[in-house]
Structures are given as structure tokens and as C-alpha cells.
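So you can see what is in the structure, the chains are spelled out below.
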Amino acid sequence: MLVRFWGTRGSLPAPLNYLAVRSKIRDALVAARGENLSSDQAIEAFIDRLPFPTRGTYGGNSSCVELVTGGDEYLLCDLGSGVREFGNRVLGKYGPGQPRRYHVFLSHLHWDHIMGFPFFTPAYIPGNVIRIYGSHKVMREALERQQSNPTFPVDFRTLGATIEFVELEPGRSYDIVGGVSVRSFVQNHAGNSYGYRFSHQNKIVVYSTDSEHKYETLDKTYPFVEHFRDADLLIFDAMYSLAEQISVKEDWGHSSNIVGVELAQLAGAKHLVMFHHEPIHDDHMLERILAETRRYAEINDPGRKLTITSAYDGLEIPV
Ligand SMILES: [Zn+2]
Ligand SMILES: [Zn+2]
């Protein structure tokens, strides 16, 4: 399996402005002083050595993650603004003449998790089939409402693709397609959200965003330890720092990097991916949080090898 991140920002897309781009160029030029960059190869190698906030960005699109399993049907989590680029990639590969099938798992219906759908071009093309799974009874209503007069020019009901809704029962296991099975679980978030535990060829990927865990309730019996058990990849809502989560932002429905490490270690997960980044955190801040999280994990459980990554748009992780 391969997991591809199309949108990793929380709450609202957060694109870079020109000042941020300019400061990256400046940092790169400062680092280039005294370097011999006379060949293209030397330039590429130099870029690879730059710190991530200089050579890249954590990205601006809201939640959308693709699970690539080798089959010819697509599997996605959430329809944040990242789904627009995903749709363009598929169309670029196959063109509009070859219909495809899409399976989409919705965590919940907050705007940042559905806002990309009106810009998902495959939805406009007859022959495509888009099956949307979730546990909220108002999935169709929410998508229809965001794509209707006066907030959007093209009405949801006129879309060319066949769009189906499948209501899942949390806790029950379903075979989806191509040997992928999934089990959902309810999460603490305003109006509830749902996490998904996918398995395919003995590999486990858990998608758990928009979910608040209280630090003081974490122990071996906490239900999420079972949901995350032995995950090869755990995509986790680490929107805040612990200090933010237990003070001003308590009960805002999101978790911290520290809670993510605690849960990943309790569950024996192998790889923790911090996801749903706070829009006010810039690339340098996210890089600092990543370094602190790795240090915390080492101190907290020195014997265990937990890989920690901070998700960015365009990231691909083989599982
Ligand atoms: Zn969200
Ligand atoms: Zn939410």
C-alpha cells in the first residue's frame, strides 16, 4: 500500500504568501554562499540538503488522503480542498473518456473536509461512480447544501457522475474493494467524527482526524488504544501543542502532538503521522513541533522505535 497526502492543513486552506516564498529563496541563497553549484546535479544535491522549511512547505490544502492499493478503483479519506488536485491528476492520467470508480470515506461534514468536492472535476463527468461512505445521516444533505444557490453556481443534483452514499455502522468490519477492509469508530468532536482502520495484505492504516483526547484519560484501557493497535501508519489529528490543548483550546475538538505519541506508543503503532496542521503554524513552527515530538517520543519510551512524520501536501509513504 502507498499513502499519498493531497491535503494536510486543518480547518482552512492556508496557502503561502509572497513574503513566505521570498524568505525561503533568501534562506536558500544564504545557505548557497561558498557552495560550488556549477552543475545541475550539484544544485539538486544542494536542495536536498536544505532544511525542509527552506526547500518545501507543509502545504496549504485541507484534508484529503489517498490510499493506493494497486487496484484500479480509488480510495480516499475526506474531500477537503486537496481533492481538487487529486481529481486533476486522475484526469491527466486517464482523460475524461475512461470512467473510474471512487470510494470516499468521510470523517465528518465540517467544511474543511468537504469543501473540495465542488472542484472535484470527475464528479462532473458521466460514467464516473463516486461512492461516499460515512456514519452521518446527513451526508447527502451537507454536500447538496454547500453546492447550491446562493453559495455555488452549479447545483449538486446536476453533477454528471453517479454519486452514492453508504452509511456505515461504527465497529463493524466491511470489505470495500480489492481486498481492503475497513472498520470505523466514533470520535470526540463537535457533532461527532469517525476514524477509519483500513487493512490490506496484513498492513494497517488508521485515519483519525478531528478527534480530541484528554491527556489524563490515556491508559492501556482507553478505547483508542485498540482502534490504533499495531497500526503500520497512524494518521493523527495533532493540530495543537499540549499546552494549547489543555489551556485555551480545550474542548475545541482536536488533539496534540504529545497525546499522539502517547497513544501511538500505547497501541504499538509503528509510524505516527501528524496531520490537520493548525493554520497559524508556519513551516518553521511545524518543523520545531516535529523535532520536539521526536524528542518527546524518545524520552517517553526509549526502547521503542516509533517513526514520526509531519504530513505535507504531496507526501507519499509506502506501507
Ligand atoms: Zn477539520
Ligand atoms: Zn471538524
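A brief report on the enclosed structure follows. Keep in mind the model is a prediction, meaning the values are calculated, not measured. In this numbering scheme, every chain counts its residues from 1 along its sequence in written order. Naming scheme: in the order in which they are written, chains are lettered from A and ligands are numbered from 1. Where totals are concerned, whole chains, interfaces and linings use all residues; where local detail is concerned, this predicted model gives features only for residues with pLDDT of at least 70, and gives and counts side-chain atom pairs only at 80 or more. Water and hydrogen atoms were dropped before computing side-chain values, which therefore reflect all heavy atoms in the structure.

1. What to know about the coordination of the zinc ion (ligand 2)
Piece 1. The rule for donors is simple: an N, O or S atom within 2.8 Å of the metal counts, and for Na, K and Ca the reach is 3.2 Å. Water is not among the atoms, so a site may look short of donors. Of the protein atoms, only H108 (NE2), H110 (ND1), H189 (NE2) and D210 (OD) coordinate the zinc ion (ligand 2), at distances of 2.1 to 2.5 Å.
Piece 2. Coordination at the zinc ion (ligand 2) comes from four donor atoms whose angles at the metal span 89 to 172°, giving a geometry best classed as irregular.
Piece 3. One chain supplies every donor to the zinc ion (ligand 2), and in sequence these donors are spaced H-x1-H-x78-H-x20-D.
Piece 4. In this structure, the zinc ion (ligand 2) is positioned 3.7 Å from the zinc ion (ligand 1), and both are ligated by D210. Residue H108 is located in the loop between β4 (101-105) and α5 (111-114), and its partner H189 is located in the loop between β8 (180-187) and β9 (193-200); the two are separated by 81 residues in the primary sequence.
Piece 5. Three exposure classes are used, based on accessible area relative to the maximum for each residue type with a 1.4 Å probe and protein chains only: buried under 20%, partly exposed in between, and exposed over 50%. For H189, a relative accessible area of 8% gives the class buried. By the criteria applied here, four donors are tetrahedral when all angles lie between 85 and 135 degrees, four are square planar and six octahedral when opposite donors are over 155 degrees apart and every other angle lies between 65 and 115, and any other arrangement is irregular. Here a helix means four or more residues in a row that DSSP labels H or I, a strand means two or more in a row labelled E, and each is numbered from the N terminus.

2. Description of the coordination of the zinc ion (ligand 1)
Piece 1. Looking at the metal site, the zinc ion (ligand 1) is ligated by D112 (OD), H113 (NE2), D210 (OD) and H276 (NE2), spaced 2.1 to 2.2 Å from it.
Piece 2. Around the zinc ion (ligand 1), the four donor atoms sit at angles spanning 89 to 167°, and that spread fits a shape best called irregular.
Piece 3. All donors to the zinc ion (ligand 1) come from one chain, and their sequence spacing reads D-H-x96-D-x65-H.

3. Topic: the sheet that holds β8
Piece 1. A sheet is described by the order of its strands in space; here seven strands give the open sequence β7-β8-β9-β10-β11-β12-β13, paired in mixed fashion. Two strands lie at the open edges of the sheet, namely β7 (173-177) and β13 (307-310), each paired on one side alone. Neighbour-to-neighbour, the strand axes of the sheet open up by a mean angle of 20°, direction not taken into account.
Piece 2. Criterion used throughout: strands pair if DSSP finds at least two bridges between them. For strand β11 (residues 233-237) and strand β12 (residues 271-275), the ladder comprises four bridges, and the chain directions are parallel. Opposite I235, over in β12, you have V273 as the bridge partner. Note on method: axes are straight lines fitted to C-alpha atoms, helices fitted across the in-contact stretch only, with angles between N-to-C directions ranging 0 to 180 degrees.

4. Focus: the sheet that holds β4
Piece 1. The strand order β6-β5-β4-β3-β2-β1-β14 describes an open sheet built from seven strands, whose pairing is mixed. The sheet is open, and its two borders are formed by β6 (162-167) and β14 (316-318), each paired with just one other strand. Neighbouring strand axes in the sheet, compared pairwise and without regard to direction, differ in orientation by 20° on average.
Piece 2. Both strand β1 (residues 2-7) and β14 contribute to a ladder of three bridges, which runs antiparallel. Bridging across to β14, V3 finds its partner in I317.
Piece 3. Any two residues having at least one pair of non-hydrogen atoms within 4.5 Å are treated as being in contact. Each of β1, β2 (64-68), β3 (74-77), β4 and β14 is contacted by helix α4 (residues 83-94), which is oriented at about 170° to β3, the strand it contacts most.
Piece 4. Most of the contacts of helix α6 (residues 139-146) go to β6, to which it runs at about 140°, and overall it touches β5 (129-134) and β6.

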